[in-house]
Protein chains: 2
Amino acid sequence: MILALDFGGTKLTAAVFEPGERNWRGHKRAFSPPGAEAFQDITTMLAMAHELLAGAQPAAVGVSFGGPVDFAAGRVRLSHHVPGWEDTPLREILRGQFMAPAAVDNDANVAALGEYRFGAGRGHDSLLYITVSTGVGGGWILDGRPWRGAGSMAGEIGHMMVDPAGPLCLCGKPGCVERLASGPFMAEALRRAWSEERGAKEWESGDWRLAIGNGEITGVTVAEAAAKGDGAAVKVLERGAWALGVGIGNAANLINPRRFVLGGGVTKSGERWWQAVRRVARETALPEVKFDIVAAVLGDDAPLWGAVALAQNALKGDA
Amino acid sequence: MILALDFGGTKLTAAVFEPGERNWRGHKRAFSPPGAEAFQDITTMLAMAHELLAGAQPAAVGVSFGGPVDFAAGRVRLSHHVPGWEDTPLREILRGQFMAPAAVDNDANVAALGEYRFGAGRGHDSLLYITVSTGVGGGWILDGRPWRGAGSMAGEIGHMMVDPAGPLCLCGKPGCVERLASGPFMAEALRRAWSEERGAKEWESGDWRLAIGNGEITGVTVAEAAAKGDGAAVKVLERGAWALGVGIGNAANLINPRRFVLGGGVTKSGERWWQAVRRVARETALPEVKFDIVAAVLGDDAPLWGAVALAQNALKGDA
């Protein structure tokens, strides 16, 4: 029996899985309450795991963590959401609790492994999984194994600079993929564009943008407004797709993986977005560089399935 | 005894190497005459090799080829310099001639392997070797082995797009690293800048730029003029260094290798160029992504030394 744990930003999920079966033997989820600290999340997770195991010992434990991890050392570096995680030896904690081999990695790497072993990447032994959501991150599979980089920092396609004349990213440089393609940044760009239009010409009451504009503008708003043909929204969405497409094409030239697997909320933005991403990536890559770009299939469960694969690797003594 | 062969664009080099010794047992070089075809180059190379071997059978043969190679199939795809190379089964030809395991790869991958095993990359089991010359190309070492990509096309950092408002590259897209950072393109930019200056104000006779301008302007001219403080040359050189620095920083974010090794003529452009490349690469990469950037040490011999390493790998049945 494999124990799979997913420490998300706000959600904690534990599941047990019997190799050979097609679904979870058991599955539990809890929310990490606002203000929770690391030790509380760990305690909650351990309690769920012990309940699921009901006294049985797992063969191995795999963990997806929503933040930077030093894989080789088995330590969480920190969490951007929950205080107290700094330099936590999570692998040792789990080994001690469950007397089994354990492996811990960040969510992008683990999701990449999940899609490779159980999802949209099956049979494609080199791929980049990209999550396009509130941020843009990635995880590599090269030669059928996760590639984490010399300092466990590989996969940061979100901070590839693609336009030196672009807006400033939180990382301090202009025109990063994330600064143009992530949901919140596209929403901000649309809010600004609409405000300017409003200044030029008062919208008529009944204008559907008023209705959308009443709520908070999000990445979903951008996709919905673009689908309804709003010019500003189309422009923002296509600029986001352009940035991601350039990032993918550049990555294809550099590493030549067989496939790109895209997950995260922004990938629900409709056919216009997908077409633009594929077209720009194809134009950016050299003609001889072949690849395809497909949608992730495991959704929110990708890290949990990846944690299963990570545990199976740990069982084989493999990274 | 290892047989190492380097099919350069215009030069053919063969060498024999005894593992454990520090230098070549024997070494021969010939020029590929203008108008030569593939079969002539192969014949010349085989004759040199047999002469060096003097009847002995090599343990393995390693080959660097200056053009695209399908490593897995052991076939040269084509040469951009010499006709008749299309889909040549070079590995089989060499196996038949020398009755020994053989391996063939393109010059960037082989040079990367050479610098890793014998040069500036020793002990750094993840690195990108970049040649900055008439073109800009690269070869990866990941986990101590060459990473060639799904279709043997990895390493094309020269065609990473870094400025959508930049000049059009031969590949059809704007602002590629190669279009800004390679020797011939920097020379062209300097020629254009000087022509414009000349239009604005006639140079005085005795102006050193006249002397430089009499000959053909090359990448070396750019470096020399920049060293003498010519404003236009400094600008062109720094723009080239900027493009390469962005490429390196983006590659660092994406793959997180331990080291970048830079070779090729443009790397002789002086301290100003090196400082700009290092500064921009550091600014482009996230602060947590650590790496260094060093000069290649094997010079023109990198492909030959890499061919030795390739042959040693072939002997072990390793890629």
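Not measured: the values here are computed from a predicted model.

K.L.:
Would you mind going over the environment of Arg279 of chain B with me for this structure?
P.N.:
Residue and element names in this part refer to chain B. Tracing the backbone shows Arg279 in helix α9 (residues 271-284). For Arg279, a relative accessible area of 47% puts it in the partly exposed group. Put simply, Arg279 and Gly135 are 144 residues apart on the chain and 22 Å apart in space, counted from C-alpha to C-alpha.

K.L.:
Hey, could you run me through the pattern of salt bridges in this one?
P.N.:
Two side chains of opposite charge can pair, provided their charged atoms sit close to one another. This model, assessed by the stated rule, comprises 28 salt bridges over all chains. As a salt-bridge pair, Asp163 of chain A and Arg239 of chain A come within 3.2 Å of each other at their nearest N and O atoms. A residue pair is termed long-range when its members are at least 10 positions apart, and Asp163 of chain A in the loop between β10 (145-147) and α4 (177-181) and Arg239 of chain A in helix α8 (residues 231-255) qualify at 76 residues. Classification of Asp163 of chain A by relative accessible area gives buried; the value is 9%. Salt-bridge contacts for Arg272 of chain B lead to Glu238 of chain B; the nearest nitrogen and oxygen are separated by 3.9 Å. One end of the pair, Arg272 of chain B, is in helix α9; the other, Glu238 of chain B, is in helix α8 (residues 231-255), and 34 residues separate them in sequence. Salt bridges sharing common partners tie together Glu18, Glu21 and Arg25 of chain A.

K.L.:
Whenever I open this one, the interface of chain A and chain B confuses me. Can you help?
P.N.:
How big an interface is tends to be stated in terms of the accessible area lost upon association of its parts. Across the contact, 39 residues belong to chain A and 39 residues belong to chain B. Carbon and sulfur atoms supply 66% of the area buried between chain A and chain B, which totals about 3,100 Å² over both sides. Taken as a group, Trp147, Met153 and Leu254 of chain A account for 22% of the area that chain A buries against chain B, more than any other trio of residues on that side. Between chain A and chain B we count zero salt bridges in total. At the boundary of chain A with chain B, the tally comes to 16 residue pairs in polar contact (both at pLDDT 80 or more).

Thresholds applied
- Every chain is numbered on its own, with residues counted from 1 as its sequence reads.
- Lettering for chains starts from A, numbering for ligands starts from 1, and both go in the order in which the items are written.
- Selection of residues for local features in this predicted model requires a pLDDT of at least 70, selection of side-chain atom pairs for listing and counting requires 80 or more, and totals for whole chains, interfaces and linings are taken over all residues.
- Excluded from the side-chain calculations are hydrogens and water; all other atoms, namely the structure's heavy atoms, are used.
- We count a stretch as a helix when DSSP gives it H or I for four or more residues in a row; a strand needs E for two or more, and each element gets its number in order from the N terminus.
- Exposed residues in this analysis have more than 50% of their type's maximum accessible area, buried residues have under 20%, and partly exposed residues fall in between, with area computed by a 1.4 Å probe over protein chains only.
- A side-chain nitrogen of Lys or Arg and a carboxyl oxygen of Asp or Glu constitute a salt bridge if their distance falls within 4 Å.
- Contacts are assigned to residue pairs that have any heavy atoms within 4.5 Å of one another.
- Defined in terms of a 1.4 Å probe, buried area is the accessible area two parts forfeit on being brought together, summed over both.
- Under this definition, polar contacts are N or O atom pairs within 3.5 Å; protein pairs additionally need one hydrogen-donor-capable and one acceptor-capable atom, and for neighbouring residues in sequence, both atoms have to be side-chain atoms.

No statement about biological role is implied by the geometric values presented.
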